[in-house]
Amino acid sequence: MPDAPCTVVAATDAGAVDAAADAIRRGGLVGLPTETVYGLAGDALSVRAVERIFAVKNRPSTHPLILHLADASWLADWADTVCEAAAVLARECWPGPLTLLLPAAAHVPRSPLGGRTTAAFRVPAHDVARSVIRSVSRPVAAPSANRFGRVSPTTAAHVCVDLGSDVDLVLDGGPSVLGIESTIVDLSGRSLQVLRHGALPVEDLEALLGVPIERASGSSRAPGMLASHYAPSCTVRLADGAEEAASILSEVTAHGARARILPHHRVASVYAATLYEELRRCDRDGLDTVIAVLPPDQGLGRAIRDRLEKAAAPR
Ligand code: TXA
Ligand code: MG
């Protein structure tokens, strides 16, 4: 944990949004609240700001960053082509927890794209985030504001604990209401593919488009979708139900481990909203092991399972 203090400003304070936008325009990094998780926001067109984002996160520079826009009308300026399916999803789902992967316009710098020719775009459904981006008046690159491989932050305090003074300013816009990252859909190829399950269930997108969206296999299409990710320091064990969780708990505690079953909720949106805070709480409480009950593999449950499986993967 960094020792240096971290500057947090309530997003409702007079001038807070302007201060954050100024910092980004000057090449600084801001902890930005969104409805999914907090982002580490910087000017997507500034090579120095983008380099700093990668450095602060300890993230390989080949893992591209999502470009956040203030509203859907900006997409035409930064994507090379906007196909019909992308236009429908942007119209129906933005602002919201959906990221669209499209061919990037030629004038988009390659550094936030990790050298690729496609760019991931999202319009966050958080008034504070959109006000800041609108004031910056250019795309804002914002990966989740955690160090590489760790649990994403859902509060301003999480950002401070993780990044300390490596971030210039954290705007406190309250806890992220959805609590899990955006769904990423790749529309740059011949078929539509989901690259990351997230807060917007793929079934809802398929219903909107009237066509199936393929599940991308392998990790090559979205670098950063590594087997081990979203991991707390304690060991994560997975269970298919409450009974199995209880039996794992007695097994590990019999061996002297400090452990507990992660609070989980039958309503997937509540499970998602509390998941990262609960994983972090296990570390704060000094646990050795946490046991997580997997939700059904459908809707939002898919995203929760994905994060839990990655948190439990060998490191
Ligand atoms: O909900 C979210 O999406 C949050 C908030 C802050 O907006 N952001 C977020 O960013 O989760 P990040 O960087 O932690 O995860 C974005 C994922 C990465 O795995 C990255 O590799 C992938 O999106 N990605 C971004 N741009 C891409 C591109 N051009 N091609 C392929 N994958 C891309
Ligand atoms: Mg992330």
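See the structure shown above.
Predicted model, so just to flag it, every value in this text is computed and none were measured.

## Regarding the nonpolar core
The tendency in soluble globular proteins is for nonpolar side chains to be buried side by side. In this structure, Leu98, Phe121, Val132 and Leu187 are the most contacted members of the largest nonpolar core, which totals 69 residues. Excluding anything up to four places from it in sequence, Phe121 contacts Ile66, Leu67, Leu69, Leu75, Trp78, Ala79, Trp94, Leu98, Thr99, Leu100 and Leu102.

## Thoughts on the sheet that holds strand β12 (residues 235-239)
Each strand in a sheet pairs with its neighbour through backbone hydrogen bonds, running either in the same direction (parallel) or in the opposite one (antiparallel). One open sheet holds the three strands; their spatial order is β12-β14-β13, and the pairing between them is parallel. Among the strands making up the open sheet, the edge pair consists of β12 and β13 (259-261). Pairwise comparison of adjacent strand axes, ignoring direction, gives a mean angle of 20 degrees for this sheet. Where β12 and strand β14 (residues 289-293) come together, five bridges link them in parallel fashion. Note on β14: the bridge partner recorded for Thr235 is Thr289. Taken strand by strand, helix α9 (residues 268-284) contacts β13 and β14, and its axis lies near 165 degrees from that of β14.

## Focus: the packing of aromatic side chains
Taken as a whole, this structure holds one aromatic pair when the rule is applied. A ring pair is formed by Tyr230 and Tyr276, whose centres lie 6.3 Å apart and whose planes are at 5 degrees; its orientation type is stacked. Of this pair, Tyr230 sits in the loop between β11 (214-215) and β12 while Tyr276 sits in helix α9; the two residues are 46 residues apart in sequence, bridging distant segments of the chain. Per residue, the accessibility class of Tyr230 equals that of Tyr276, and both read buried. Here the basic side chain of Arg307 rests over the ring of Tyr230, its NZ or CZ set 5.1 Å away from the ring centre.

## Notes on the state of the cysteines
Applying the stated criterion across every chain yields a total of one disulfide. The disulfide partner of Cys6 is Cys160, and the S-S distance across this bridge is 2.3 Å. Measuring handedness by torsion sign, the sulfur bridge of Cys6 and Cys160 sits at about -60 degrees and is left-handed. Note that Cys6 is positioned in the segment before β1 (8-10) and Cys160 in helix α6 (residues 156-163), a separation of 154 residues in sequence. Sulfur of Cys93: no disulfide; nearest cysteine sulfur belongs to Cys83 and is 13 Å away.

## Examining the sheet that holds β1
Reading across from one edge, β1-β8-β2-β3-β7-β4-β6-β5-β9-β10-β11 is the order of the eleven strands in this open sheet, with mixed pairing throughout. Looking at the sheet topology across the chains shown, the edges are occupied by β1 and β11. By the bridge criterion, two bridges tie strand β4 (residues 67-68) to strand β6 (residues 118-122) in an arrangement that is parallel. Note on β6: the bridge partner recorded for His68 is Arg122. Set on the sheet, helix α2 (residues 47-57) makes contact with β3 (39-43) and β7 (140-141); between it and β3 the angle comes to about 155 degrees.

Cut-offs applied
- Residues numbered from 1 in each chain as written.
- Chains lettered and ligands numbered in written order.
- Predicted model: local features only at pLDDT ≥ 70, side-chain atom pairs only at ≥ 80, totals over all residues.
- Heavy atoms only, no water.
- Core = buried A, V, L, I, M, F, W, Y, C linked by side-chain atoms within 4.5 Å.
- Buried < 20%, exposed > 50% of the residue type's maximum accessible area, 1.4 Å probe, protein only.
- Contact = heavy atoms within 4.5 Å.
- Pairing = 2+ DSSP bridges.
- Helix = DSSP H or I, 4+ residues; strand = E, 2+ residues; numbered from the N terminus.
- Axes fitted to C-alpha atoms, helices over the stretch in contact; angles between N-to-C directions.
- Phe/Tyr/Trp six-rings, centres within 6.5 Å; stacked < 30°, edge-to-face > 60°.
- Lys NZ or Arg CZ within 6 Å of the ring centre and 35° of its normal.
- Disulfide = S-S within 2.5 Å.

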